[in-house]
Amino acid sequence: MENVDKNLDFSQLTTLTVTIENHIAHIQLSRPEQLNSMIPAFWQELPDTVRKIDHESAARVIVISALGKHFSAGMDLSVFSQMAKDFKGEPARRAERLRRSVLELQDSFNALEQVRMPVLVATHGGVIGGAVDMICAADCRYCTQDTFFTIKETEIGMTADVGTLQRLPHLIPQGLVRELAFTGRNWSAQEALAQGFVNAVFEDHETMLSTVMKLAKKIAANSPMAVAGCKEMINYTRDHNVQDSLNYMATWQSGMFQMPDIQEAMASQTEKRLPQYAELLDKSSMMSHK
């Protein structure tokens, strides 16, 4: 398959590096000397990047990994310092501003759920604080055997507020969520695997990334319409009851079930070749057309 060329320019990013090849976008956290801590720029660059990829239909899968010794040390101290400077003024107005700030931070990781393509996260070393919030919003998680996870916010005197406490209870048992949140203790790769938080544990970073890229390639070979439908339905089902989800599925299928991709899948199997699917349309507004 040829690379998708949408003339996307990610060269100005300061916290991430991005490559797109064979329908797979690889986003790397790229501040290894600072343990990939999440400075203010990160909270804008990550959602802008994944949404730009989605907007342009530039990839069928997104893989997120990191450079350096640790995946991410979580929220950078500069963010807390900035918030501390803003913690002044009339209490109600100060609180309203803080609420908007928290919602803005939450939106940075909501983007991983909202984009149409699957997001696979490959972690290693420390996955701390905000990094746990981040990977909880991904579709699939993988790690190396030296990885540890921690809901660090509790140990620094605050309640985690960017998604961990909302998403993690859908991923692992309630009792364990509460233990991890109440204590802030480290959670090992093997324990995360046993509880189903990660899909697999690998001996080293190279093996993990190679395997995750193979999985991404397998996903990218499927109809992007079918895969986007899977993500939409699974996310909807998580947040709704079974009957509502079945009704939504029926409504979705009444419009999205069309024959071209099915015919191409069947033809490619008969002819023993890789299927060739059209990309999803980009997300440009119909109001922008003249």
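Before reading further, recall that the structure is shown in the block above.
First, a word on scope: everything that follows refers to the structure included in this document. Given the structure is predicted, the values throughout are model-derived calculations rather than measurements.

Calculation rules
- Residues numbered from 1 in each chain as written.
- Predicted model: local features only at pLDDT ≥ 70, side-chain atom pairs only at ≥ 80, totals over all residues.
- Heavy atoms only, no water.
- Helix = DSSP H or I, 4+ residues; strand = E, 2+ residues; numbered from the N terminus.
- Rg over C-alpha atoms; globule rule 2.2 N^0.38 Å.
- Buried < 20%, exposed > 50% of the residue type's maximum accessible area, 1.4 Å probe, protein only.
- Contact = heavy atoms within 4.5 Å.
- Areas by Shrake-Rupley, 256 points an atom, 1.4 Å probe, with all protein chains shown as cover.
- Pairing = 2+ DSSP bridges.
- Salt bridge = Lys/Arg side-chain N within 4 Å of Asp/Glu carboxyl O.

### With respect to the overall build of the protein
- Of the regular secondary structure elements, the protein holds 11 helices and nine strands.
- Computed over its C-alpha atoms, the radius of gyration of the protein comes to 20 Å, within 12% of the 19 Å expected for a compact globule of 290 residues.
- Projected onto its principal axes, the C-alpha positions of the protein cover 65 × 50 × 45 Å.
- In the protein, which comprises 290 residues, the proportion classed as buried is 43%.
- Pairs at least 24 residues apart make up 69% of the contacts formed inside the protein by residues separated by at least 6 positions.
- Roughly 15,700 Å² of accessible area belongs to the protein as shown, and the carbon and sulfur atoms make up 55% of that amount.

### Observations regarding the sheet that holds strand β5 (residues 126-128)
- Sheet architecture is open: three strands sit in the order β5-β7-β8, paired in mixed fashion. The open sheet has two edge strands with one neighbour each: β5 and β8 (187-188).
- Where strand β7 (residues 148-150) lies against β8, two bridges are found, and the strand directions are antiparallel. Among the inter-strand pairings, phenylalanine 148 is bridged to a residue of β8, identified as serine 188.

### Some words on the pattern of salt bridges
- According to the stated counting rule, one finds 15 salt bridges in the structure shown.
- Between glutamate 90 and arginine 93 there is a salt bridge; the shortest N-O distance is 2.9 Å.
- For glutamate 90, a relative accessible area of 37% translates into the label partly exposed.
- Its relative accessible area of 63% is what places arginine 93 among the exposed residues.
- The shortest N-O distance in the salt bridge between arginine 273 and glutamate 264 comes to 2.6 Å.
- For glutamate 264, a relative accessible area of 16% puts it in the buried group.
- Through salt bridges with shared partners, a single ionic network connects Glu113, Arg167, Arg238 and Asp239.

### Overview of unusual backbone geometry
- Backbone geometry at leucine 35 places phi at a positive 60°, although glycine is not the residue there.
- The residue leucine 35 is located in the loop between β2 (24-29) and α1 (40-55) in this model.
- Residues other than glycine seldom take positive phi values, yet lysine 272 does so here, at roughly 55°.
- Within the fold, lysine 272 resides in the segment after α11 (259-270).
- Taking relative accessible area as the criterion, lysine 272 reaches 76% and is therefore assigned exposed.

### Section: the environment of valine 102
- Along the chain, valine 102 turns up in helix α3 (residues 91-114).
- The exposure class assigned to valine 102 is buried, which follows from its relative accessible area of 17%.
- Spatially, the C-alpha atoms of valine 102 and alanine 41 are 15 Å apart, while their sequence positions differ by 61 residues.

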